[in-house]
Amino acid sequence: MTSLNLNDVVIDLEKMLKRLIGEDIEFHISLTQDLGYVRADPAQIEQVLMNLVINARDAMPKGGKLTIETANTELDRQYAANHPDTTEGCYVMLAVTDTGIGMPKETIDHVFEPFFTTKEKGHGTGLGLSTVYGIIKQSGGNIWVYSEPRKGTTFKIYLPREENLKTERTPKPVLIDCRGTETILVVEDEKAVRDLTRRVLTSAGYQVITAANAGEALLECERTHTHIDLILTDVVIPKMSGIELVNRLSLIIPNPKVLYMSGYTENTIVHHGVLDEGTHFIAKPFTTVDLLKKVRTVLDSG
């Protein structure tokens, strides 16, 4: 293993990846400047990227959009507690997102298992993602997948960031500035994320109403007549989109402040036209600090 900048890997492979996916797939790269370094085997990281891009291509037989992103990030104790084999600390994220056929939850639960494949016989061994998983774990990192049927898929890889002059830890913000007493409606279909979000916000003093889907959110607002200061909703939820839900809730809640969240990255969500540029957004998985800062920022906005 060697000290490695993931931006260099992406740039070196860019021409090959474009040829690999073909002309019917739009290819976009969004690389963070001053990206931290990781310790990894360059050839293995290239293999990871190639595997993920091939899978993305195969998920878009009629064309689509493929986005590769990098970012410096930090995973906190709360995140590590909810994700086994994850250690809190500074990481570098590499994300590969497609707009393809997506996957249901029952498929996501098995994607990293050896020989598991959704491809037709003769079109895949089922070893690609298990190999990716093994390489990332061997490098001390972890991989997270988010997908919705017909909505595309995002694979996010987190590799430990090397501590040096360029990537030294930044002081954590004072959380007391992020506290509040406002009422927040949280709409999230994944129970673990919904419960975690409720706990984080409640511990910071907020009043929290939760709903698993759009129908529950509408019924809760109509039933309680509670004033809602902020709607925190997933972009993709059962029965209708988060955007459609906000439009419906606007008939009940005058001029609501809104924060969208998604397992897809912000660049992908905006670039693919799902949300308008400038819309308040937070990407999952998020840390406690990031959530509280973002919520406070939106509530304090004009």
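Just so you know, these numbers come straight off a predicted model, no measurement behind them.

Here is what the cut-offs are and how they apply
- Residues numbered from 1 in each chain as written.
- Predicted model: local features only at pLDDT ≥ 70, side-chain atom pairs only at ≥ 80, totals over all residues.
- Heavy atoms only, no water.
- Salt bridge = Lys/Arg side-chain N within 4 Å of Asp/Glu carboxyl O.
- Helix = DSSP H or I, 4+ residues; strand = E, 2+ residues; numbered from the N terminus.
- Contact = heavy atoms within 4.5 Å.
- Pairing = 2+ DSSP bridges.
- Axes fitted to C-alpha atoms, helices over the stretch in contact; angles between N-to-C directions.

**Remarks on the pattern of salt bridges**
Okay, so step 1: Tallied over the full model, the rule gives 10 salt bridges.
Okay, so step 2: For Arg-39, the salt bridge is made with Glu-162, and the minimal N-O distance between the two is 3.4 Å. Of this pair, Arg-39 sits in strand 3 (residues 38-40) while Glu-162 sits in the loop between strand 7 (152-160) and strand 8 (183-187), placing them 123 residues apart in sequence.
Okay, so step 3: Here Glu-188 and Lys-284 are joined by a salt bridge, their closest N and O atoms 2.8 Å apart. In this pair, Glu-188 is assigned in the loop between strand 8 and helix 6 (191-203) and Lys-284 in the loop between strand 12 (281-283) and helix 10 (288-300), connecting sequence segments 96 residues apart.

**Quick look at the side chain of Asn-142**
Okay, so step 1: Within the secondary structure, Asn-142 is located in strand 6 (residues 142-148).
Okay, so step 2: Not counting chain neighbours up to four residues away, the residues in contact with Asn-142 comprise Leu-75, Tyr-79, Thr-86, Tyr-91, Ile-136, Lys-137, Lys-156, Ile-157 and Tyr-158.

**Quick word on the sheet that holds strand 10 (residues 230-234)**
Okay, so step 1: Strand order in the open sheet formed by five strands is 9-8-10-11-12, with parallel pairing between adjacent strands. If you trace the sheet from one side to the other, it starts and ends with strand 9 (207-211) and strand 12, each paired once. Taking the axes of each pair of neighbouring strands and ignoring which way they run, one obtains an average angle of 20 degrees across the sheet.
Okay, so step 2: As paired elements, strand 8 and strand 10 share four bridges and run parallel to each other. Considered in strand 10, the bridge of Ile-184 is made with Leu-230.
Okay, so step 3: Sitting on the sheet, helix 6 touches strand 8, strand 9 and strand 10, and the angle it makes with strand 9 is about 170 degrees.
Okay, so step 4: Against the sheet, helix 8 (residues 242-249) touches strand 8, strand 10 and strand 11 (257-262), its axis set at about 155 degrees to strand 10.

**Digging into the environment of Asn-82**
Okay, so step 1: Within the element layout of this structure, Asn-82 appears in helix 3 (residues 77-82).
Okay, so step 2: Note: C-alpha distance between Asn-82 and Leu-196 (114 residues apart in sequence) is 8.7 Å.
Okay, so step 3: Excluding anything up to four places from it in sequence, Asn-82 contacts Leu-196 and Arg-199.

**Thoughts on the sheet that holds strand 5 (residues 89-98)**
Okay, so step 1: As summarised here, the arrangement of the five strands in space is 2-4-5-7-6, forming an open sheet in which the pairing is mixed. Where the open sheet ends on each side, the last strands, each with one partner, are strand 2 (25-30) and strand 6. The mean inter-strand angle of the sheet, taken between neighbouring strand axes irrespective of direction, is 15 degrees.
Okay, so step 2: Here strand 2 runs beside strand 4 (residues 64-75); their pairing, made up of six bridges, is parallel. Directly across from Ser-30, in strand 4, lies its bridge partner Glu-69.

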